[in-house]
Amino acid sequence: SYMNKNARNPSSYKYDFYSDRIEDAVMVRIAYATPTDAIAMDWRAKIKLEFLRRIMLQLMMDKLRFKSDEGGIYQVSVGTDYVEAPKRLEIFTQYDCLAQDADRLIRQTKGIVRNLGHMITPEIFERYRESMLTSNGNNTTGKILDHLYDYQNQGNEWVTNKERRKYIENLDIDDLRE
């Protein structure tokens, strides 16, 4: 392993840990797929999906890293992919780990996904609702282009930020548990 002290800020450290042997490391990607037509997913479904993605990311980090007795990962990503052929929506989690930890981490990941609905507490829900409201109100170029693409190329209705915000404010925990 390798540790590099930050020369510009002597009180901080950057830790880079890696195996000396590449064959000790593996990349894990677990995807859950459902048949869908991305065009058919309206803006409400996309908001709920993003809400779940953010919560799932935090739960994965908590369970697989921060609150894990055995550890095994440094970074995890959770995302969604729309696959054109065959048309399906994939929700995935991905991380690197040592080969010896892979089976245990895969079992833990599947357990988190299986119990996701029960793990979303009112406190977690409210924290991420606030996060969604904060980020939803940002008129970033990327978000505006995403909305414009949905409107022009997928024939979706134009939805204002005010409408999106109102929808998020009215969501409840059971809407995400469906």
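Above this text is the structure in question.
In this report, the structure presented in the accompanying data block is examined. Just so it is clear, the structure is predicted and the values come from calculations on it, not from any experiment. (Residues numbered from 1 in each chain as written. Predicted model: local features only at pLDDT ≥ 70, side-chain atom pairs only at ≥ 80, totals over all residues. Heavy atoms only, no water.)

### Some words on the packing of helix 1 (residues 43–66) against helix 6 (residues 161–170)
- For the pair helix 1 and helix 6, interaxial distance at closest approach is 11 Å and the crossing angle is 55°. Classified by the interaxial angle, the pair formed by helix 1 and helix 6 is oblique. For the pair helix 1 and helix 6, the sense of crossing is right-handed. Residues Trp43, Arg44, Ile47 and Lys48 of helix 1 pack against Glu163, Arg164, Tyr167 and Ile168 of helix 6.
- Grouping the constituent residues of the contact of helix 1 with helix 6 by class yields four nonpolar, no polar and four charged. (Axes fitted to C-alpha atoms, helices over the stretch in contact; angles between N-to-C directions. Helix = DSSP H or I, 4+ residues; strand = E, 2+ residues; numbered from the N terminus. Parallel < 35°, antiparallel > 145°, perpendicular 65-115°, else oblique. Left-handed = near helix turned anticlockwise from the far one by under 90°. Contact = heavy atoms within 4.5 Å. Nonpolar A, V, L, I, M, F, W, Y, C, P; charged D, E, K, R; others polar.)

### Topic: a nonpolar patch on the surface
- Taken together, the side chains of Leu145, Leu148, Tyr151 and Trp158 make up a nonpolar region of the molecular surface, amounting to roughly 400 Å² of accessible area.
- Locating Leu145 in the fold gives a position in helix 5 (residues 141–153). (Patch = residues over 30% accessible without salt bridge, like charges linked within 9 Å, V, L, I, M, F, W, Y side chains within 5 Å. Areas by Shrake-Rupley, 256 points an atom, 1.4 Å probe, with all protein chains shown as cover. Salt bridge = Lys/Arg side-chain N within 4 Å of Asp/Glu carboxyl O.)

### Notes on the sheet that holds strand 3 (residues 25–35)
- In space, the three strands of this open sheet follow the order 3-5-4, with antiparallel pairing throughout. Of all the strands in the sheet, the pair left with one neighbour each is strand 3 and strand 4 (76–83). Taking the axes of each pair of neighbouring strands and ignoring which way they run, one obtains an average angle of 20° across the sheet.
- Note that strand 4 and strand 5 (residues 88–98) share eight bridges and pair antiparallel. Bridge pairing in strand 5 places Val78 opposite Thr93. (Pairing = 2+ DSSP bridges.)

### Let's talk about the pairing of strand 5
- Where strand 3 meets strand 5, 11 bridges bridge the pair, whose relative direction is antiparallel. If you follow Pro35 over to strand 5, its bridge partner there is Arg88.
- Between the end of strand 4 and the start of strand 5, which pair antiparallel, lie four residues.

### A word on the nonpolar core
- In this structure, Phe51, Ile55 and Tyr95 are the most contacted members of the largest nonpolar core, which totals 33 residues.
- Looking at this core element by element, the count peaks at nine residues for helix 1.
- Non-local contacts of Tyr95, meaning those with residues more than four positions away in its chain, are made with Val26, Met27, Val28, Ile30, Leu64, Ile73, Gln75, Val76, Leu105, Ile106 and Thr109. (Core = buried A, V, L, I, M, F, W, Y, C linked by side-chain atoms within 4.5 Å. Buried < 20%, exposed > 50% of the residue type's maximum accessible area, 1.4 Å probe, protein only.)

### What about the environment of Arg44?
- By secondary structure assignment, the location of Arg44 is in helix 1.
- It is 8.8 Å that separates the C-alpha atoms of Arg44 and Ile168, two residues lying 124 residues apart in sequence.
- Those residues in contact with Arg44 that lie beyond four places of it in its chain are Glu157 and Tyr167.

### Here we look at the pattern of salt bridges
- Following the criterion strictly, the structure yields 10 salt bridges and no others.
- With its nearest N and O atoms 3.5 Å apart, the salt bridge here joins Arg104 to Glu70. Taken as a pair, Arg104 in helix 2 (residues 99–114) and Glu70 in the loop between helix 1 and strand 4 lie far apart in primary sequence, 34 residues in all.
- Judged by its relative accessible area of 14%, Arg104 falls in the buried class.
- One salt bridge in this structure joins Arg129 and Glu126, with 2.9 Å as the shortest N-O distance. Taken together, the residues span about one helical turn, with Arg129 and Glu126 both in helix 4 (residues 122–136) at a distance of three residues.
- Residue class for Glu126 comes out partly exposed when judged on its relative accessible area of 42%.
- Overlapping salt bridges, with partners in common, bring together Arg29, Asp81, Arg88 and Glu90 in one network.

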